[in-house]
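# Secondary and tertiary structure notes
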Amino acid sequence: MRHFLADDDLTPAEQARVLDLAAELKRAPYDAKPLAGPRTVAMIFDKQTLRTQASFAAGIAELGGHPMLVDGALAGIGVRESVHDVARVLGRQASMVVWRTYAQARLEEMAKYAGVPVVNALTDDFHPCQLLADLLTIREHKQQLAGLTVAFVGDGACNMGNSWLLAGATAGLHVRVSSPDGFAPAPEMVERAAAIASGTGGSATLEADPVAAVTGADVVVTDTWISMGKEEESAARAAVLAPYSLTAALLAHAAPDAIVLHCLPAYRGKEIAAEVLDGPQSVVWDEAENRRHAQKAILSFLLEAR
Ligand code: NVA
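Remember, predicted model here, so these are calculated numbers, not experimental data.

### A word on the sheet that holds strand S3 (residues 96–100)
- On the basis of which strands lie adjacent, the open sheet formed by four strands has the order S2-S1-S3-S4 and parallel pairing. Edge positions in the sheet fall to strand S2 (66–71) and strand S4 (118–120), since each of these pairs with one other strand and no more. Between one strand axis and the next, the sheet turns through 25° on average, direction left out of account.
- In the sheet, S3 pairs with S4 via three bridges, with the strands oriented parallel. Looking across to S4, one finds that Trp-99 is bridged to Asn-120.

### Concerning the pattern of salt bridges
- Under the definition given, this model contains 14 salt bridges.
- The partner of Asp-20 in a salt bridge is Arg-139, with the nearest N and O atoms 2.9 Å apart. Pair noted here: Asp-20 is in helix H1 (residues 12–27) and Arg-139 is in helix H6 (residues 128–142), with a separation of 119 residues, a long-range link.
- Its salt-bridge partner being Arg-268, residue Asp-278 comes within 2.9 Å of it at the nearest N-O pair. Note that Asp-278 is positioned in the loop between helix H12 (274–277) and helix H13 (284–305) and Arg-268 in the loop between strand S9 (259–262) and H12, a separation of 10 residues in sequence.
- Relative accessible area serves as the criterion here: at 45%, Asp-278 is assigned to the partly exposed category.
- A cluster of three or more residues bridged by salt bridges with shared partners is formed by Glu-62, Arg-292 and Lys-296.

### Looking at the site of the ligand
- Contacts to the ligand come from Leu-122, His-127, Cys-158, Asn-159, Asp-223, Thr-224, Ser-227, Met-228, Cys-263 and Leu-264.
- Asn-159 is positioned with one of its side-chain polar atoms (N or O) 2.7 Å from a nitrogen atom of the ligand.
- Between the ligand and Asp-223, the relevant distance is 2.6 Å, taken from a nitrogen atom to a side-chain nitrogen or oxygen of the residue.
- Protein contact buries 95% of the 270 Å² of open area that the ligand shows by itself.
- Using a 2 Å cut-off from the grid points, one finds that the ligand occupies the largest pocket.
- For the shell around the ligand, a count of residues per class yields five nonpolar, four polar and one charged.

### Quick notes on the layout of surface pockets
- The computed volume of the largest pocket comes to approximately 690 Å³.
- In terms of lining, the largest pocket is formed by 37 residues, of which the most central are Asp-223, Thr-224, Ile-226, Ser-227 and Met-228.
- Looking at which element gives the most residues to the lining of the largest pocket, the answer is helix H10 (residues 234–241), with three residues.
- By residue class, the composition of the lining of the largest pocket is 15 nonpolar, 10 polar and 12 charged.

### A closer look at the side chain of Ser-245
- Following the sequence through the fold, Ser-245 ends up in the loop between H10 and helix H11 (248–251).
- A residue is classified by how much of its surface remains accessible, and Ser-245, at 11% relative accessible area, is buried.
- Those residues in contact with Ser-245 that sit more than four places away from it in its chain are Trp-225, Leu-250, Lys-270, Glu-271 and Ile-272.

### Remarks on the packing of H6 against helix H7 (residues 159–170)
- Interaxial distance between H6 and H7 falls to 9 Å at its minimum, and their mutual angle equals 55°. The orientation of H6 with respect to H7, classified from their angle, is oblique. Our pair here, H6 against H7, has a crossing hand that is right-handed. Each of Pro-128, Gln-130, Leu-131, Asp-134, Leu-135 and Ile-138 in H6 lies in contact with H7, whose residues at this interface are Met-160, Ser-163, Trp-164 and Ala-167.
- Among the residues forming the contact of H6 with H7, the class breakdown is seven nonpolar, two polar and one charged.

### A closer look at the pairing of strand S1 (residues 40–45)
- By the criterion of burial, S1 is predominantly enclosed, with six of the six residues buried.
- Burial along S1 is two-sided: Thr-40, Ala-42 and Ile-44 facing one way and Val-41, Met-43 and Phe-45 facing the other are all buried.
- As paired strands, S1 and S2 are joined by six bridges and run parallel to one another. Looking across to S2, one finds that Ala-42 is bridged to Met-68.
- A crossover links S1 with its parallel partner S2, the connecting element being helix H2 (residues 51–62), and its sense is right-handed.
- Pairing analysis gives five bridges linking S1 to S3, with the strands arranged parallel. The residue bridging Ile-44 from the neighbouring strand is Trp-99, located in S3.

Analysis parameters
Residues numbered from 1 in each chain as written. Predicted model: local features only at pLDDT ≥ 70, side-chain atom pairs only at ≥ 80, totals over all residues. Heavy atoms only, no water. Pairing = 2+ DSSP bridges. Helix = DSSP H or I, 4+ residues; strand = E, 2+ residues; numbered from the N terminus. Axes fitted to C-alpha atoms, helices over the stretch in contact; angles between N-to-C directions. Salt bridge = Lys/Arg side-chain N within 4 Å of Asp/Glu carboxyl O. Buried < 20%, exposed > 50% of the residue type's maximum accessible area, 1.4 Å probe, protein only. Near = heavy atom within 4 Å. Polar contact = N/O pair within 3.5 Å; in protein donor to acceptor, adjacent residues only side chain to side chain. Areas by Shrake-Rupley, 256 points an atom, 1.4 Å probe, with all protein chains shown as cover. 1 Å grid on protein atoms, 1.4 Å probe; cavity = no way out; pocket = protein on both sides within 12 Å on 5 of 7 lines; lining within 4 Å. Sits in = over half its atoms within 2 Å of the grid points. Nonpolar A, V, L, I, M, F, W, Y, C, P; charged D, E, K, R; others polar. Points joined across faces, edges and corners; volume = space filled by probe spheres on them. Contact = heavy atoms within 4.5 Å. Parallel < 35°, antiparallel > 145°, perpendicular 65-115°, else oblique. Left-handed = near helix turned anticlockwise from the far one by under 90°. Right-handed = clockwise from strand over helix to strand, strands pointing away.

Okay, here's the thing in C-alpha cells:
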C-alpha cells in the first residue's frame, strides 16, 4: 500500500513518472478512467480550501470516480472520534482518502489504519500535491527541471518552504530558501533535502539575503506570510517578512526569462506585488490549473501501486 504524505514519498524516478503521466492526462483529460465504477474518493478538509477541493473533485470525476466530500468540522476527527476509528470507517467506504489537516501525525495515523491509499492535501508541514503541480508548470515553461535554480522568498518555515526543499531536491533543482530569522525551514528539513539532492545533482540551501537568493534564478516563488492557523500572528509576521516581499525590483535580479509561481491565495502588496502576480512572468493560473492534472496523476499512480 502506497501513500503520498510528504514530497519525498516519491523517489526521483517515481516523481518523473507521475509528472509524465500528469502531462499525458492534461493532453487527454477524459481518456483514462482508473476510478470507473464509479469508485469513491473521500476528501476531508479541516482547513479552508478552494483550489484543492475544486481540483480534486473535478479530477476524480474525470478519472471516472465519485468525489465524496466529508466536512471536517462535522466529522470532528480526533475530537468526536479518534483518527484511527475514522480511518477504519472511511477505508470501508472509499477507495482512497484525501485529507487536509493540521499535524502531519494525524495524516500518518490515517494512513496507518485506513487500509486504502491516503493523500496529503496540505498539512502544517507539507503541501506535496501543490509541488507536483508546480513542477509540472516549470516543465511546461522551461522544458526541463534538473539543473534549474528556484528561489523561494518569504515564510520558509511553512508547508510550502518544506515541500519546495523536498520536491525540488527530488527533481534535481537547486532550491534556495530565503527567509528572515525565525522563518527559515528547520535544519532537519534542509538536511533531508540535501541528502536527496546529493543523488539527483540538485541542492538545498538557505540564503538570508533575498537579493542573493533571487539573483540568476530561473523560478521565483513565494507564499502567503500567514498560513492557515497563524492568523493571530498577522501583524508581527508582516513586519518581519516585509523585506522579503516579491516586488518587481527583487524579481529584476532573477534571470530575464524567470517565471513566478505562487500557490495562492495571494495577498497583493504583502508577499507579492500586484504587478508581479499579474505581470508577464507570472504563471500562477497555469499552476492552479495544473493541480487537477497533477493530482489525477498521483491518484492513478497510487491506485496502480497498490
Ligand atoms: N502556506 C499556506 C498554503 C496555502 C495553500 C497555508 O498553509 O495556508
